[in-house]
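# Structural overview
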Amino acid sequence: MRIAVIDYEKCNPDKCGHFLCERVCPVNRMGGEAIIIDEENYRPIIQEASCTGCGICVHKCPFNAITIVNLPEELEEGCVHRYGVNAFVLYRLPVVKEGMVVGILGPNGTGKTTAVKILAGQLLPNLCGDNDSWDNVIRAFRGNELQTYFERLKNKEIRPVVKPQYVDLIPKAVKGKVRDLLKRADEIGAFDEVVDELELRNVLDRNIDQLSGGEIQRVAIAAALLRNAHFYFFDEPSSYLDIRQRLKVARIIRKLADSGKAVLTVEHDLAVLDYLSDIVHVVYGKPGAYGIFSQPKGTRNGINEFLRGYLRDENVRFRPYEIRFTKSSDRQSQASEILVEYQRLVKDYGGFRLEAEPGTLYMGEVVSIVGPNGIGKTTFVKMLAGVEKPTEGEVDWELKVSYKPQYIKADYEETVYDLLSKIDASKLLSNFYKTELLNPLSIPDLYDKQVNELSGGELQRVAITAALIRDADLYLLDEPSAYLDVEQRLAVSRAIRHLMEKEGKTALVVEHDVLMIDYISDRIMVFEGEPGKYGKALPPTGMREGMNRFLASVGVTFRRDPDTGRPRANKEGSVKDREQKEMGEYYYV
Ligand code: ADP
Ligand code: ADP
Ligand code: SF4
Ligand code: SF4
């Protein structure tokens, strides 16, 4: 079975020399019609039945607009929805089970939202043909676990509730005070309980548009929890939250499933997904072209297969390399040279005061910065970047610093290529940078786009790239994982590590994603205090000491997965959790 997908946003027949694909296609040249021209819409159409899959058009198209893939025949019956001719195709759906949290992991653009819209009854799947009724969908899923689900959906017996992905858009759509919003949502009489659990009491009288990202996220989760529904979908519940809040939200969502509800979640922080889910589906394919939901897998096994890049039951390799984690706590390169010894720094904003103890940074190391939201991490990084002036102390060094802020501005009216080539054009041609950074982050695909038209995730990838190709001694990256999907997080982690190791440079990275922290860090810097009031930045220390100090304040212990070495949060109160807390070993056992 062959599918051909054309990204019509990229296709530009005037700029490729007038339908280059049609002219080079061997089938067309022999008088056949694998590619025809839709004159009305001025675009090419690939007729899958006539195309031989030679791939010539794919390579010749200057805008990489064409994807041709051969897929196993057995997938054909699993074809759930196709948005149109030569458009995105979705194969198979995740299971939905009462009393269970079903986790979904995979890159963006592979059909997760499409699947959820179908399960929520908002999109009638066309079954890759011209289906126009739910009865046909029920028939197509006969014998499948979803058959009864679709029967109930058709009979309007299922009420879905969705916590959307982009919570930052909520203030545009919803006005008013948090209290009123949550009171209106409360169908189960649990207002006080949910408000306290999600620590929202002190923002109840604020307007929605006065909330920080982490506060809006928790309000959106609260609003979903307060509904009385059958099926709950949480799309990226961890964005903007710190580690303690992420695990807390995970526990609250788990409780919802334990009370008998069906829960589905997409989550790109693998430690959170692991903690949250009973089973997982890996979605694989090619973003924008096609997506396939794997069989349901046990959470541990599913995440491990994902990290390996190989799905055993499906016999599919979807990534050429594996991700492995070092299990030891002493990766730090103590022998290396000192980059800088910085002094004690204080920033006093009036309402908030940060005191950073003096510390040392070495060449060739990656130090991650951890701590709750509102504790001064960004303030510290800004002082090192020279963006904020310390109230006490001085940043009096001669170092070249490259800084990626947490919130990225996109007001450039130029293309991504122009922006990046102005920073360092030679790096865009270097094989090392292509292999380690540009290709894994799919930057070349964005070269022709205008910077001010990029989506959140695209902008983040460009900003990280812009920071990393700049020639500097010290790289400061504030929350590089925000807006990135799980595959991109792994790619960014690898790029940061490899670039610093190879070039002997130093990076400081503010991060909440535990797997990313684990993968990239040689040492760690812990921030403590009272969020919003005062913060104290401890000097960088070894991973064991730093993680113990930090996780003791969060109250969570981690163990290692024996196969991949990845950290896994222990369930609260489990034997391991209690033993590790007694020993004071929160992270390395
Ligand atoms: P995910 O949630 O995994 O990011 P989506 O389900 O939102 O993926 O989208 C998968 C792909 O389907 C997108 O890359 C897009 O190309 C395509 N798509 C989504 N909605 C439409 C639509 N209404 N018409 C055509 N294509 C669409
Ligand atoms: P973190 O990065 O740990 O989330 P931040 O450094 O962003 O924390 O903020 C720490 C505290 O400082 C917050 O309470 C924030 O409101 C406050 N703050 C940040 N910038 C300013 C500023 N320019 N003026 C006044 N207060 C600020
Ligand atoms: Fe030209 Fe590529 Fe569009 Fe074909 S798909 S018309 S080669 S831009
Ligand atoms: Fe023609 Fe080959 Fe492209 Fe198919 S893959 S449309 S046969 S050039």
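If you tally the helices and strands in the chain, you get 21 helices and 28 strands. Here the C-alpha atoms of the chain give a radius of gyration of 25 Å, agreeing with the 25 Å that 2.2 N^0.38 yields for 589 residues. Each principal axis of the C-alpha distribution contributes one length, and for the chain these read about 75 × 60 × 50 Å. For the chain, with 589 residues in total, the buried portion stands at 55%. Relative to all contacts within the chain whose residues are 6 or more apart in sequence, the contacts with residues 24 or more apart total 69%. Working note: accessible area of the chain is about 25,600 Å², and carbon and sulfur atoms make up 47% of it. The positive charge centre, built from 79 side chains, and the negative charge centre, built from 88, are 2 Å apart in the chain.

By the definition in use, this model includes 1 disulfide. Here Cys 79 connects covalently by a disulfide to Cys 128, the sulfurs 2.0 Å from one another. Around the S-S axis, the bridge from Cys 79 to Cys 128 shows a dihedral of about -80 degrees and counts as left-handed. Taken together, the residues span a long stretch of sequence, with Cys 79 in strand S5 (residues 79-82) and Cys 128 in the loop between helix H4 (112-119) and helix H5 (134-140) at a distance of 49 residues. In this structure Cys 79 comes out as buried when scored by relative accessible area, which is 12%. For Cys 128, a relative accessible area of 29% gives the class partly exposed.

With that out of the way, let us pick up the layout of surface pockets. In this approach, a probe sized like a water molecule rolls over the atoms, and the result shows the empty space that is left. Approximately 1,200 Å³ is the volume found for the second largest pocket. Listed by contribution, the elements that provide at least two residues to the lining of the second largest pocket are helix H10 (213-225), helix H11 (243-258), helix H14 (377-385), strand S24 (523-530) and helix H20 (543-554). Per-element accounting of the lining of the second largest pocket gives the leading share, 5 residues, to S24. When the residues that make up the lining of the second largest pocket are grouped by side-chain class, the tally is 17 nonpolar, 17 polar and 14 charged.

Our next topic: the side chain of Arg 319. You can see Arg 319 is positioned in the loop between strand S15 (316-317) and strand S16 (338-342). Among the polar contacts made by the side chain of Arg 319, one reaches the main-chain carbonyl oxygen of Leu 307 at a distance of 2.8 Å. Those residues within four positions of Arg 319 in sequence are excluded, and the remaining contacts are Phe 306, Leu 307, Arg 308, Gly 309, Glu 487 and Leu 490.

Quick look at the site of ligand 1 now. In the vicinity of ligand 1, the contacting residues are Tyr 83, Phe 88, Pro 107, Asn 108, Gly 109, Thr 110, Gly 111, Lys 112, Thr 113, Thr 114 and Gly 288. The separation between an oxygen atom of ligand 1 and a polar main-chain atom of Thr 110 is 3.1 Å. Note that an oxygen atom of ligand 1 is positioned 2.4 Å from one of the side-chain N or O atoms of Thr 113. For ligand 1, whose accessible area on its own is 570 Å², the fraction buried by protein is 60%. Looking at side-chain class alone, the shell around ligand 1 contains 3 nonpolar, 7 polar and 1 charged residues.

Taken as a whole, this structure holds 15 aromatic pairs when the rule is applied. Grouping aromatic residues by their ring pairs yields a cluster made of Trp 134, Phe 141, Tyr 149, Phe 150 and Phe 231. Directly above the ring of Tyr 321 sits Arg 319, whose terminal nitrogen or CZ lies 5.7 Å from the centroid. Here Arg 494 stacks its cationic end above the ring of Tyr 321, 3.7 Å away from the centre of that ring.

Time to look at helix H8 (residues 178-185). The complete set of buried residues in H8 reads Val 178, Leu 181, Leu 182 and Ala 185. Buried residues in H8, looked at end-on, bunch into an arc of 90 degrees, giving them a common side. On its buried side, H8 packs onto helix H9 (191-197) and H10.

A surface patch of like charges, here negative, comprises Glu 73, Glu 74, Glu 76 and Glu 77. Within the secondary structure layout, Glu 73 lies in the loop between strand S4 (66-70) and S5.

So, on to H20. Every α-helix winds through 3.6 residues per turn, so residues three or four apart in the chain are directed the same way. Under the 1.5 Å per step criterion, the end-to-end length of H20 is 16 Å for 12 residues, consistent within 8% with the ideal 16 Å. Within H20 the residues assigned to the buried category are Met 543, Gly 546, Met 547, Asn 548, Phe 550, Leu 551 and Val 554. Contact partners of the buried residues in H20: H11, strand S20 (366-370), helix H19 (514-520), S24, strand S26 (541-542) and strand S27 (558-560). Positive backbone phi, approximately 80 degrees, marks Gly 555, located one or two places after H20.

A separate point is the confidence of the model for the chain. For the chain, per-residue confidence averages 93 on the pLDDT scale, and residues scoring 70 or more make up 98% of the total. The element-level mean pLDDT for the chain is lowest in helix H7 (residues 170-173), coming to 88, with strand S3 (residues 43-46) highest at 98. Interface scoring of the predicted complex returns ipTM 0.92; its pTM is 0.92.

Here the focus is the packing of helix H16 (residues 431-438) against helix H17 (residues 456-469). Running from amino to carboxyl end, H16 crosses H17 at an angle of 145 degrees, the nearest separation of the two axes being 12 Å. The way H16 lies across H17 gives a crossing that is right-handed. Judged by residue contacts, Tyr 433, Leu 437 and Leu 438 of H16 engage Thr 465, Leu 468 and Ile 469 from H17. Tallied by class, residues from the contact of H16 with H17 come to 5 nonpolar, 1 polar and no charged.

So, about the pattern of salt bridges. Pairs can form between side chains of opposite charge once their charged atoms are near each other. With the rule as written, the count across this model stands at 49 salt bridges. Residue Arg 43 is joined to Asp 38 by a salt bridge in which the shortest nitrogen-to-oxygen separation is 3.8 Å. The partly exposed category is assigned to Arg 43, whose relative accessible area is 29%. The class for Asp 38 is buried, based on a relative accessible area of 16%. For the salt bridge of Glu 357 with Lys 536, the shortest nitrogen-to-oxygen distance reads 3.2 Å. Note that Glu 357 is positioned in the loop between strand S18 (353-356) and strand S19 (359-362) and Lys 536 in strand S25 (residues 534-537), a separation of 179 residues in sequence.

Turning to the site of ligand 3, a few remarks are in order. Neighbouring ligand 3 are the residues Cys 11, Asn 12, Cys 16, Phe 19, Leu 20, Cys 21, Pro 44, Cys 61, Phe 63 and Ile 66. A breakdown of the residues in the shell around ligand 3 according to their chemical character gives 9 nonpolar, 1 polar and no charged.

Two strands pair when backbone bridges link them, and strand S2 (residues 35-38) and S3 are joined in this way by 4 bridges, in the antiparallel orientation. Across the sheet, Ile 35 pairs through a bridge with Ile 46, a residue of S3. Here S2 folds back onto S3 in antiparallel fashion, the turn holding 4 residues, of which Tyr 42 has a positive phi close to 55 degrees.

Basis of the calculations
- Residues numbered from 1 in each chain as written.
- Chains lettered and ligands numbered in written order.
- Predicted model: local features only at pLDDT ≥ 70, side-chain atom pairs only at ≥ 80, totals over all residues.
- Heavy atoms only, no water.
- Helix = DSSP H or I, 4+ residues; strand = E, 2+ residues; numbered from the N terminus.
- Rg over C-alpha atoms; globule rule 2.2 N^0.38 Å.
- Buried < 20%, exposed > 50% of the residue type's maximum accessible area, 1.4 Å probe, protein only.
- Contact = heavy atoms within 4.5 Å.
- Areas by Shrake-Rupley, 256 points an atom, 1.4 Å probe, with all protein chains shown as cover.
- Lys, Arg positive; Asp, Glu negative; His and termini not counted.
- Charge placed at Lys NZ, Arg CZ, Asp CG, Glu CD.
- Disulfide = S-S within 2.5 Å.
- 1 Å grid on protein atoms, 1.4 Å probe; cavity = no way out; pocket = protein on both sides within 12 Å on 5 of 7 lines; lining within 4 Å.
- Points joined across faces, edges and corners; volume = space filled by probe spheres on them.
- Nonpolar A, V, L, I, M, F, W, Y, C, P; charged D, E, K, R; others polar.
- Polar contact = N/O pair within 3.5 Å; in protein donor to acceptor, adjacent residues only side chain to side chain.
- Near = heavy atom within 4 Å.
- Phe/Tyr/Trp six-rings, centres within 6.5 Å; stacked < 30°, edge-to-face > 60°.
- Lys NZ or Arg CZ within 6 Å of the ring centre and 35° of its normal.
- Arc of directions from axis to C-beta.
- Patch = residues over 30% accessible without salt bridge, like charges linked within 9 Å, V, L, I, M, F, W, Y side chains within 5 Å.
- Salt bridge = Lys/Arg side-chain N within 4 Å of Asp/Glu carboxyl O.
- Expected span 1.5 Å × (residues − 1).
- pLDDT = per-residue confidence, 0-100.
- Axes fitted to C-alpha atoms, helices over the stretch in contact; angles between N-to-C directions.
- Left-handed = near helix turned anticlockwise from the far one by under 90°.
- Pairing = 2+ DSSP bridges.

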